[in-house]
Structure formats: structure tokens, C-alpha cells
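Architecture and fold: a report
What follows is the residue order along each chain.
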Amino acid sequence: MRRVLPWMMLLGFAARISAQEWHAGSSIPLIRRAVAHRAERDADTLIAGWRADAHGFLRYTSVFDHGDGPRERVVRVDELLVEVYGEAPSRSKQIIRAWRDTSFLPNRMTYHRDHLGIVANDFGSTIRLGQGDEVRDIPHPLSPDGLARYEFAVGDTTTVSGPAGRVRVVSVEVRPVQRDSAGTIGTLYLDLDRAALVRFSFTFTPASYRDHTVADITVTLENSLQRNARWLPWRQSIVIRRGVPFLDFPIITVIRGDWTLDDYDLGVHHPKGWFDGPWIAGPTAPSSHGLWAQPIAAQLDGLPATSADVEDVTRHAAAAMGGQVLDGLPHLRLLAAGISNLVHINRVEGITPALGASVAVAAAVRFRAQAGIGLSDHRIVGGAAVVRERGGVAVSLLAERRVRDIADTPISSGVASSITTLFGEDQGDYVLLERQIGRIAWGTHQTRFSVEAGREWSGSVETRFQPLLGRLSFNPALGAGAAAVARVSASHVDTTGTTWSVAMEAGSGANSWGRGALHVERRFAMPSGELQAALDGGIATEGLPAYRDFVLGGQGTLPGVPFREIGGRRMARAEIWWHLPVRLPTPPIPYSRYVHLGSTLGPFVAAGVAGGDDLAAPWRGTGEVLPVFGLRLDLWGPLVRVEAGAALHTGRFGFAIDIHPDWWGVM
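Cut-offs used in this document
Residues numbered from 1 in each chain as written. Predicted model: local features only at pLDDT ≥ 70, side-chain atom pairs only at ≥ 80, totals over all residues. Heavy atoms only, no water. Helix = DSSP H or I, 4+ residues; strand = E, 2+ residues; numbered from the N terminus. Rg over C-alpha atoms; globule rule 2.2 N^0.38 Å. Contact = heavy atoms within 4.5 Å. Areas by Shrake-Rupley, 256 points an atom, 1.4 Å probe, with all protein chains shown as cover. Salt bridge = Lys/Arg side-chain N within 4 Å of Asp/Glu carboxyl O. Buried < 20%, exposed > 50% of the residue type's maximum accessible area, 1.4 Å probe, protein only. Expected span 1.5 Å × (residues − 1). Arc of directions from axis to C-beta. Core = buried A, V, L, I, M, F, W, Y, C linked by side-chain atoms within 4.5 Å. Phe/Tyr/Trp six-rings, centres within 6.5 Å; stacked < 30°, edge-to-face > 60°. Lys NZ or Arg CZ within 6 Å of the ring centre and 35° of its normal. Polar contact = N/O pair within 3.5 Å; in protein donor to acceptor, adjacent residues only side chain to side chain. pLDDT = per-residue confidence, 0-100. Pairing = 2+ DSSP bridges.

**Topic: the overall build of the protein**
The helix and strand tally for the protein stands at six helices and 34 strands. Relative to a compact globule of 667 residues, whose C-alpha radius of gyration would be 26 Å, the protein shows 28 Å and is just as compact. With the C-alpha coordinates of the protein rotated into their principal frame, the extents come out at 85 × 55 × 45 Å. Put simply, 63% of the contacts in the protein that link residues at least 6 apart link residues at least 24 apart. Summed over all atoms, the accessible surface of the protein reaches about 29,400 Å², with 58% contributed by carbon and sulfur.

Here is the structure:
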């Protein structure tokens, strides 16, 4: 097969219009030619009939955002081999020849039938997805109806050379004339000489979505030049992101299909009646039959992250629409940063229910507010924020009053912490924080940056809650009064197994201080299992308030060392963990009968040290390195983590059962 697109991919399709001038399609000769070309192409007798082989992956994933970037968990993967047939006028048929699937978490997902196939003719004159349940009868920009429904902005022209000769490709932005109408927003790439569609990358306006769970749909269609005469499908992806329509929750689910077409036969004469019946034929469910070179799981690393190329399309579309909110979910929803954000228990507040709301108040502007009350200390807590996001940059103003644990990152899930507190053991040290902060954040789905500054007041709080069993220990006095603060942070998460974050802080109140923290994590593939290495470090100047100390010990840091036994203005911690896959019986989890719930078991060794002693705090900065050794078991997906460790210098033993950390952001 002779292609032009691979060379264009080297250019990244990076053309963008710096000063867009929008015009009606009827006033642009190239657009009129492109519409005419699409209307006439199926009458081409040279290659009226054709066939090709398609290979595709369909993924169903959950994506969480813990605040440092999205974390993706694959729930199910399907792999398909499909024969694709086309014929004038605009007829296509697809036959599934092989189909297998693997699930990694319990689910009852069933796909719309058209998610199992490819788009054979650039959608034709109208666009439909999810058998019409998600998007229905949206006029294609390069259709006769599209000339009136859309406006266009012609951009740069790029000339590429290859086996098929020189091809000139021009980028054209498209958006609906009526911003609140159903339609597409994106970028068309047209063969300037043939007026043919080479590539179309687009999303939809909110009015296009028929399903209230759809946050957005992003489509990329790439064609290849066949016989130097006609552009036919080559690669394509369709990404459907969903949320909870009544709840602003930090989790979305994603269905993504990625397809590649190859081995074209042109000028094929199809038998009479070949295109009768359903346009996707073949098996109606996956099976284990088929000639597969390797397990599906072994191919996941070669696939793009489900949202990897979505953010650029949606960001550019929002800019083309003047910053309009393109989220298809309802503009007014209940607010919950996690289950524990709705109700939690700690030794200071006791049982604390909270309720909040999130509402889009203007183009790219969202207002969030929440309030709750501790039933033991009768303290009202909550906060409000106004966020304006445009072009990948989010500017926010925040005011809040909350009781918070002093840890920079959680050491357990909110649900587990509430349960242990209920039975007499609280995994936290708390301070009352009142903050008024301005913040700017920007970046990509992998790397994020933020800068914030404002006023922060910290106050000490006392233990008030009476648990069901035993008594809870006193909460340390950690308040330091009012201070002006400024913070800068950066974080990175990628598919190679590298994660890092760095944060710098300066404060000025009763004392002035500076503080820096670093986290680096890396995963390495091994002949058996996987090796994970992590390093944490922190350093601060004198004058650091106690609620900003670095602390180590117990679950989440050094199991086997007493909870937060060591801490101060300096800290270092290192860990090496070897994951080994193990086969364990699956409990009777709903929808898990046909699920591959993988588990891992492996030893780990960790060591930590703290210095810069703070005499006002209960922890000590001794400068002594405390090593621990233990075993970590991740169960069923993983959904659960079991951890046991022993401090080598004392022999003290620690044990914990919790939700797996990947789920903490929503727990």
C-alpha cells in the first residue's frame, strides 16, 4: 500500500491558525470543491468497489484525577480483526472475523454495535455514533447542509513528498455558525489539488449529545492515498468520555476504539446483495478462537493513553468557540471530591456530612461550593471556588475553612481512615486551615504546573469524637496563626512508568520559612514481574510551622515504625518493591465471573530518616535511618492492598488492609 499520511504524521499536523478569519463555506472555493468531491466520489468507476483488512482495539477504562494528573485503570480490552468492504454509492459492509476480550476489573459493559467497526466513508452526509444514542444526524461539514450550518477558517498549506508524489495539504478550521446548535468543531485537512479529505479531527458541541452521561466525544479519521487517485481510510480513533450526570466526581469512564486499515484491494466486484442486511456481520460476542500472536495485556503498552490526544482537540475547539464550555454533562451538579468528601469521620470533627454544588456560570467559568458540619465539634467547614479555564490554563480563586491532616499526600483512603477512627484508631494529625488563595494551573494530561499565593491561617484543634471502642489519642497542637504563603509545583505521569512531582513553598507570618519536597517513582519490567523504586525527600528552613513538618512512620511510609514517630524540617525515604504475579481465588464480586482479576505479591524494603527536630511537635528528628522490610499484596484487579512490615532495628510489626491507592482519589 502506498501512503502519504505517514510523512504528514512527522509534521504532527501542527498547523494552527494564529489569526482566524471565519467565512461561510459557500464563499470559499476549496470548501465548495470538497463538498462536490464527496458527493461525486462514490460514482468513481475506477475503484468503485474495494476491500481492506482492519485491526482494532476497543478499551473501556476508568480515569481518576488525584490532583497531580490523570491516572488510568484499564477495565476491559477487546481486540478485533475485521474485513471491510465498500462500494458506490456510499455502501459499506464489515465482517468480524476474530474477536477476543480480557477484563481486568468487574464490569458489565456491552458496546453499541457500531463501536465494533470502523467509519468507512467519513460518515457520509450525516454523523451518527452509538447507533444514534450518543450522536444522531449531525450534518457533516463537507456536505450540502454543512455549507449553511458551518463556518470555516482556512489555514496553512503543507507540501509533502513520497512514493505517491507531491501532495499539498491545507488545514481548515470548522465550527457551527450557531454556537448553541448541534455540530462539529475541529480541523479538516484537505488535499488541495484533489479537494479530498485527508484527515478530520473533531469534537462536538454540547447540543449534539443525546446521552446525558456523555462529557465529550473526540473523533480522528486519517486517510491514505490509494493508486494516487483516492483517499481511503487508514487509521482512526473514537473516544467517548462519560461522567455522572448529577454528580461532579473526580472519575470518568472512557470508551476508545483505535483502528488501522491495510491490504487494500481496489476495483473489486461484489456479489449481488452483498451489502444487504446488517452493516456489521459476524459473531455477536467475543470468543477465545483466533490466531493471536500474544495476550491482549502484552499489547497495552503500545496503545496511546485513552485521553492522550483528546485534550489538544478539546482545548483547540474551546478556543474556536470563544471559550464556550463544551462539556456535555449538565451544568449544575452536586459536588463531591470523593466519597469521603460527602461524609467522613476523624477524631476532631467526628462524623462530618457535607453537601456542595458545581455550576457553569458563564463561558469557561465554573463555580463550586460546599459546606459541612462536624457533629462532635459543631464546627462549620467548607469552601467556595471560582475557576476559569481556557486554552489549557485554569485560573481560580479559593476560600475555604477545613480541618485537614498535615500530610502532603494521603497515607490511606478516606473510607479506611473513617472506619479505623470509628473503632478507636485515627490515622491523622489535624489542623484547622482557613485559606484565601489565587491559583494558576496549566499543562497537559502528563505534565502539570501550578502557582498559587494568598493568605493562610492555621489553628490547633482538639480531639472531640468518642469512638465505638476504646479512646482516641489527643490531637497535637499544630496551629501557627496567620501567614502569607506562595507555592509552586510541577508533576508528571507517563505510560513508561515514570512519575515525579516537585513543590516549593515560601511563607511569612510569626516566622518566615521556605520548604521544598520531591517525589520520584519508576517502574522497571523484569523477567518475572515488575520492580518499582520510589524516592521522597524534603527540606525546609528554620521557622517552619509544625503543620508543615515532614513526618514518617506507620502505614503509607514505614510500616513497622510507630505512626509518625519521626519528623522535622528534613526528610528522606527510599523504597524498592518487587511485584510478582500470583493466582488467587476470586471472591464472589458481582460481574467478576469472566474477569481476569490479577493479583501481585512481593517483598519490599524501605528506609527513612528525619532531621531538623521540632520540639513543639510530637515527632522527633533524630537523624537515625530506620529500615523496614515487608510484603505487599495487591488483590483482584487490584482493588485491595494488604501490607505487612517490620522495623529491622526494633522488630516491631505493622499491618494494614485498605483500598488500593489507585482508588483513593474517589474514596
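**Details of the pattern of salt bridges**
Two side chains with opposite charge may pair up if their charged atoms get near one another. Tallied over the full model, the rule gives 46 salt bridges. Of the charged contacts, one joins Arg401 and Glu434 as a salt bridge, the two residues approaching to 2.9 Å between their closest N and O atoms. One end of the pair, Arg401, is in strand S21 (residues 393-405); the other, Glu434, is in strand S22 (residues 430-443), with 33 residues separating them in the sequence. The partly exposed category is assigned to Glu434, whose relative accessible area is 23%. The structure contains a network of salt bridges with shared partners spanning Glu400, Arg402, Arg404, Asp408, Arg435, Arg439, Glu452, Glu456, Arg487, Glu505, Arg515 and Arg548.

**Some points on helix H2 (residues 29-40)**
Taking 1.5 Å per residue, twelve residues should reach 16 Å; H2 reaches 16 Å between its end C-alpha atoms and fits that length. For H2, the set of buried residues is Leu30, Ile31, Ala34, Val35 and Arg38. Buried residues of H2, viewed axially, fall in a sector of 140 degrees; they line one side. Exposed positions of H2 whose direction lies more than 90 degrees from the buried face are Ala39 and Glu40.

**Focus: the nonpolar core**
By size, the foremost hydrophobic cluster in this structure holds 62 residues, and its most contacted members are Leu190, Phe204, Ile217 and Val219. With near-sequence residues (within four places) excluded, Val219 lies in contact with Phe123, Leu129, Phe200, Ser201, Phe202, Phe204, Ser237 and Ile238. Counting residues in each nonpolar core, the second largest holds 20 residues, with Ala517, Leu552, Val561 and Phe604 among its members.

**With respect to the packing of aromatic side chains**
Across all of its chains, the model carries eight aromatic pairs by this definition. Ring centres of Phe64 and Trp663 lie 4.8 Å apart, and the angle between their planes is 70 degrees; on these two criteria the pair is classed as edge-to-face. With Phe64 in strand S2 (residues 50-65) and Trp663 in the segment after strand S34 (653-659), this residue pair connects regions lying 599 residues apart in the sequence. An aromatic cluster of at least three residues, connected via ring pairs, comprises Phe123, Phe200, Phe202, Phe204 and Tyr209. In this arrangement the basic side chain of Arg235 is found over the ring face of Trp234, its NZ or CZ atom lying 4.6 Å from the centre. Over the ring of Trp577 we find Arg632; its NZ or CZ atom is 4.6 Å from the centre of that ring.

**A closer look at unusual backbone geometry**
In this structure, Pro638 follows Gly637 across a cis peptide bond, with omega equal to 0 degrees. Mapped onto the fold, Pro638 is located in the loop between strand S32 (626-635) and strand S33 (640-647). Although it is not a glycine, Phe123 adopts a positive phi angle of roughly 80 degrees. Given the relative accessible area of 12%, Phe123 is considered buried.

**Things to note about the side chain of Glu400**
Its location among the elements puts Glu400 in strand S21. Among the polar contacts listed, one links the side chain of Glu400 to the side chain of Arg402, at a separation of 2.8 Å. Those residues within four positions of Glu400 in sequence are excluded, and the remaining contacts are Gly382, Gly383, Leu433, Glu434 and Arg435.

**What about helix H6 (residues 414-422)?**
Of all the positions in H6, only Ala416, Ser417, Ser418 and Thr421 are classed as buried. Where H6 is buried, its residues contact strand S17 (343-346), S22 and S34. Positive phi shows up at Gly424, right after H6, with a value of about 100 degrees.

**Some thoughts on the environment of Ser412**
Along the polypeptide, Ser412 turns up in the loop between S21 and H6. For Ser412, a relative accessible area of 12% corresponds to the buried category. A C-alpha to C-alpha distance of 31 Å links Ser412 and Ser512, two positions 100 residues apart in sequence. What Ser412 contacts, discounting residues up to four positions off in sequence, is Ser417, Gln555, Asp658 and Trp664.

**Structural notes on the confidence of the model for the protein**
Averaged over all residues, the pLDDT of the protein is 88; the fraction at 70 or higher stands at 93%. Contacts for the low-pLDDT stretch residues 1-19, under 50 throughout, to residues beyond four places or in other chains number 57 contacts.

**Examining the pairing of strand S30 (residues 570-582)**
In the sheet, strand S27 (residues 530-540) pairs with S30 via ten bridges, with the strands oriented antiparallel. Residue pairing across strands places Leu531 opposite Trp578, the latter belonging to S30. Pairing geometry for S30 and strand S31 (residues 599-611), over eleven bridges, is antiparallel. Paired with Ile576 across the strands is Val605, a residue of S31.

**Section: the side chain of Asp78**
Relative to the assigned elements, Asp78 resides in strand S3 (residues 70-87). On the basis of relative accessibility, which here comes to 0%, the residue Asp78 falls in the buried class. Side-chain polar atoms of Asp78 contact the side chain of Arg76, separated by 2.8 Å.

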